[in-house]
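Chain and residue survey
The primary structure of each chain is shown beneath.
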Amino acid sequence: MDPSLKPVLPDTAHVNAKGHLVLGGCDVADLAKEFGTPLYVFDEATLRKRCRAFLQEFRSRYPATQVVYASKAFSNVALARLLQEEGLGLDVVSGGELALARRVEFPAERIYFHGNNKSVEELRMALEYRIGAVVVDGLGELELLERLAAGWGMTQDVMLRVSPGVDPHTHAHTTTGILDSKFGIPIQTGQAEEAMKAALRSPHLNLVGLHFHLGSPIFELEPYRVAIKVVLEFAASFTRQGFQMRAFSPGGGFAIAYLRDTLPPEIGEYAHVITGALREGCERHGLPLPQLVVEPGRAIVGPAGVALYTVGAIKEVPGVRTYVAVDGGMGDNIRPALYGAQYEALLANHMDEADEQRVTIAGKYCESGDVLVRDALLPPVRSGDLIAMPAAGAYAPAMSNNYNMAPRPAIVMVKDGKARLIRRRETYEDLMASDVL
Ligand SMILES: *Cc1c(COP(=O)(O)O)cnc(C)c1O
């Protein structure tokens, strides 16, 4: 296999004697035959290795670290079980994600509930399940949660999500920690101060700490360092009012390699900067070291997932470009159309042939913007070939939809030459199941 592909593919990836891509010991051509395409393939070894790498890299530098997986990157019952086995916690952002956590009996104390507009029903679910902490995103939510907790005569641990006003230099659609954002309570405007005072006064809310999340994916380390400094300074200003910061979270946003020549920092580098800035800031302000909560989503599932498509129509526009259409597209992966996300494309059943033509991988949906990869360099492509798109595990199946009444793909987990279905392909019947005549 071309060694430059190593950063974008799962750890177990290699090419067999037939020139086929092999993932978790399974030839992708066999997977396509057995499960059909489009197909999402998750490599179990890579998933577990990345969970362990986050735990190890952070805890070796800062023992009191909890690694909490951000469910929104990809929610699935088999995945939740695996994360539980690996000792991770779970971030949820909706009643649906919380329902999944309950279904697999995920330990409630390791669940954190985020979101800029949690409903009354969602907050009730969180209280009822006695989750670890609700990460409160505004004064209104704080008052609502206080009323609900008071009504049930209970006390709920909360963290406040503040907005530190730091730009992580990622896409505008995925930037969250700046002043002009729907997420977080701004420090700059004095609203975060107001929320702190209200939380400290609330008899039924126990303010355990502060949270921020800058956006995603963040390829730079400096924004974390700067934001941690800002938030710790803010935290320290409440010491005299009795605030004891027991937990602190710089969120997630850790980048992954989508393209072979755009490499993100190592997990250890993020860990080094974050734990260093936290220690330094706490020392400067005389704060006891809190529990550190890191929330990777993309960085856990992204590199473990590969999308597989079958090539159908090929349209050559002489002198312009060649469109290679595959049997999926914006229905299973809307990221390229939504914010210009880039991926590699590989000819998965001819990995041993030399790249010699530029083609554009188009989807099958009725939108001109439904293009998965522009100008991919590939060996000669024929109808019936298999295209693999690496690093597709995060925010692709998670954002999938049924545009054009297309059933969502099947998802398999591969390990040691065996593939198990973790989500069956939708049927046409599924698509009509909630319609009422
Ligand atoms: C989305 C999100 C994350 C995870 O982001 P990734 O880029 O997937 O790591 C973590 N924390 C919060 C609050 C989020 O909204």
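Just so you know, these numbers come straight off a predicted model, no measurement behind them. (Residues numbered from 1 in each chain as written. Predicted model: local features only at pLDDT ≥ 70, side-chain atom pairs only at ≥ 80, totals over all residues. Heavy atoms only, no water.)

What follows covers the nonpolar core. Among the nonpolar cores identified, the biggest contains 118 residues, and Y69, L210, V301 and I361 are the most heavily contacted of them. The residue makeup of this core includes at least three contributed by each of domain 1 (3–36 + 304–432) and domain 2 (45–298). Contacts of I361, omitting those with residues within four sequence positions, involve V324, V326, A345, V371, L372, V373, A376, L378 and I387. Among the nonpolar cores identified, the runner-up in size contains 25 residues, and L9, L21, A348 and V414 belong to it. (Core = buried A, V, L, I, M, F, W, Y, C linked by side-chain atoms within 4.5 Å. Buried < 20%, exposed > 50% of the residue type's maximum accessible area, 1.4 Å probe, protein only. Domains from an automatic or database assignment. Contact = heavy atoms within 4.5 Å.)

In this model, T37 is joined to P38 through a cis peptide bond whose omega is -10°. The topology assignment puts P38 in the loop between α1 (28–35) and β4 (39–43). For the bond running from S216 to P217, omega is -10°, close enough to zero to count as cis. Positionally, P217 belongs in the loop between β11 (205–211) and α8 (222–236). At R130, a position not held by glycine, the phi torsion is positive, near 55°. Within the element layout of this structure, R130 appears in the loop between α5 (120–129) and β8 (133–136). One non-glycine residue, N404, lies in positive phi territory at about 65°. Mapped onto the elements, N404 comes out in the loop between β19 (386–389) and β20 (410–415). (Helix = DSSP H or I, 4+ residues; strand = E, 2+ residues; numbered from the N terminus.)

Let us now look at a negative patch on the surface. Judged by side-chain charge, D352, E353, D355 and E356 come together as a negatively charged surface patch. Within the secondary structure layout, E356 lies in the loop between β16 (346–347) and β17 (357–362). On the accessibility criterion, E356 (58% relative accessible area) is exposed. (Patch = residues over 30% accessible without salt bridge, like charges linked within 9 Å, V, L, I, M, F, W, Y side chains within 5 Å. Areas by Shrake-Rupley, 256 points an atom, 1.4 Å probe, with all protein chains shown as cover. Salt bridge = Lys/Arg side-chain N within 4 Å of Asp/Glu carboxyl O. Lys, Arg positive; Asp, Glu negative; His and termini not counted. Charge placed at Lys NZ, Arg CZ, Asp CG, Glu CD.)

Around the ligand sit 16 residues in total, of which K72, S216, E295, R298 and Y395 are the nearest. K72 places a side-chain nitrogen or oxygen 2.7 Å from an oxygen atom of the ligand. G297 is positioned with one of its backbone polar atoms (N or O) 3.0 Å from an oxygen atom of the ligand. Protein chains bury 95% of the 390 Å² of accessible surface belonging to the ligand in isolation. Here the shell around the ligand is built from residues that sort into four nonpolar, seven polar and five charged. (Near = heavy atom within 4 Å. Polar contact = N/O pair within 3.5 Å; in protein donor to acceptor, adjacent residues only side chain to side chain. Nonpolar A, V, L, I, M, F, W, Y, C, P; charged D, E, K, R; others polar.)

Here the focus is the packing of aromatic side chains. What the rule picks out here adds up to 11 aromatic pairs. Between F54 and F58, the ring centres sit 6.2 Å apart and the planes meet at 10°, which makes this aromatic pair stacked. Placement of the pair is F54 and F58 together in helix α2 (residues 44–59), with a separation of four residues, close to one helical turn. Aromatic pair Y224 and Y270: ring centres 5.8 Å apart, planes at 80°, arrangement edge-to-face. Residue Y224 is located in helix α8, and its partner Y270 is located in helix α9 (residues 267–285); the two are separated by 46 residues in the primary sequence. Taken together, the ring pairs connect F54, F58, Y224, F254 and Y270 into an aromatic cluster. (Phe/Tyr/Trp six-rings, centres within 6.5 Å; stacked < 30°, edge-to-face > 60°.)

Time to look at the pairing of strand β21 (residues 418–423). Within a regular beta strand, the side chains point alternately toward one face of the sheet and then the other, so they alternate between its two faces. Alignment of β20 against β21, held across five bridges, turns out to be antiparallel. Bridge pairing in β21 places K415 opposite K418. As consecutive antiparallel partners, β20 and β21 are separated by two residues, and within that stretch D416 has a phi angle of approximately 50°, a positive value. (Pairing = 2+ DSSP bridges.)

Mapped onto the fold, E86 is located in the loop between α3 (77–85) and β6 (89–92). With a relative accessible area of 11%, E86 lands in the buried category. Polar side-chain contacts of E86 include one of 2.8 Å to the side chain of R48. Apart from residues lying up to four places away in sequence, E86 is in contact with R48, C51, R52 and L55.

Our focus in this paragraph is the sheet that holds strand β2 (residues 21–23). Spatial ordering of the open sheet is given by β1-β2-β3, a layout of three strands whose pairing is antiparallel. A single partner strand is all that each edge strand has here, and the edge strands are β1 (14–15) and β3 (26–27). Here β2 runs beside β3; their pairing, made up of two bridges, is antiparallel. By the bridge assignment for β3, V22 is matched with D27.

One pass over the structure, following the stated rule, counts 19 salt bridges. Counted as one network, the salt bridges with shared partners bring together E44, R48, R52, E85, E86 and R420.

What follows deals with a nonpolar patch on the surface. Taken together, the side chains of M405, Y428 and M432 make up a nonpolar region of the molecular surface, amounting to roughly 350 Å² of accessible area. Within the secondary structure, M405 sits in the loop between β19 and β20. M405 sits in the partly exposed class, given a relative accessible area of 47%.

Next up on the list: the packing of α2 against α9. When two helices pack together, their arrangement is given by the angle between the helix axes and by the axis-to-axis distance. Their axes nearest at 9 Å, the elements α2 and α9 cross at an angle of 35°. Where α2 crosses over α9, the handedness of that crossing is right-handed. Touching R50, A53, F54, E57 and F58 of α2 are I267, G268, Y270, A271, I274 and T275, all from α9. For the contact of α2 with α9, a count of residues per class yields seven nonpolar, two polar and two charged. (Axes fitted to C-alpha atoms, helices over the stretch in contact; angles between N-to-C directions. Left-handed = near helix turned anticlockwise from the far one by under 90°.)

Let's shift gears to the domain arrangement of the protein chain. Assigned domains of the protein chain: these are domain 1 (3–36 + 304–432) and domain 2 (45–298). When each unit is reduced to the centre of its C-alpha atoms, the spacing between domain 1 and domain 2 is 33 Å. Taken together, the contact pairs 26 residues of domain 1 with 21 residues of domain 2. Buried surface at the junction of domain 1 and domain 2, summed over both partners, amounts to about 2300 Å²; 58% is from carbon and sulfur atoms. (Buried area = accessible area lost by both parts, 1.4 Å probe.)

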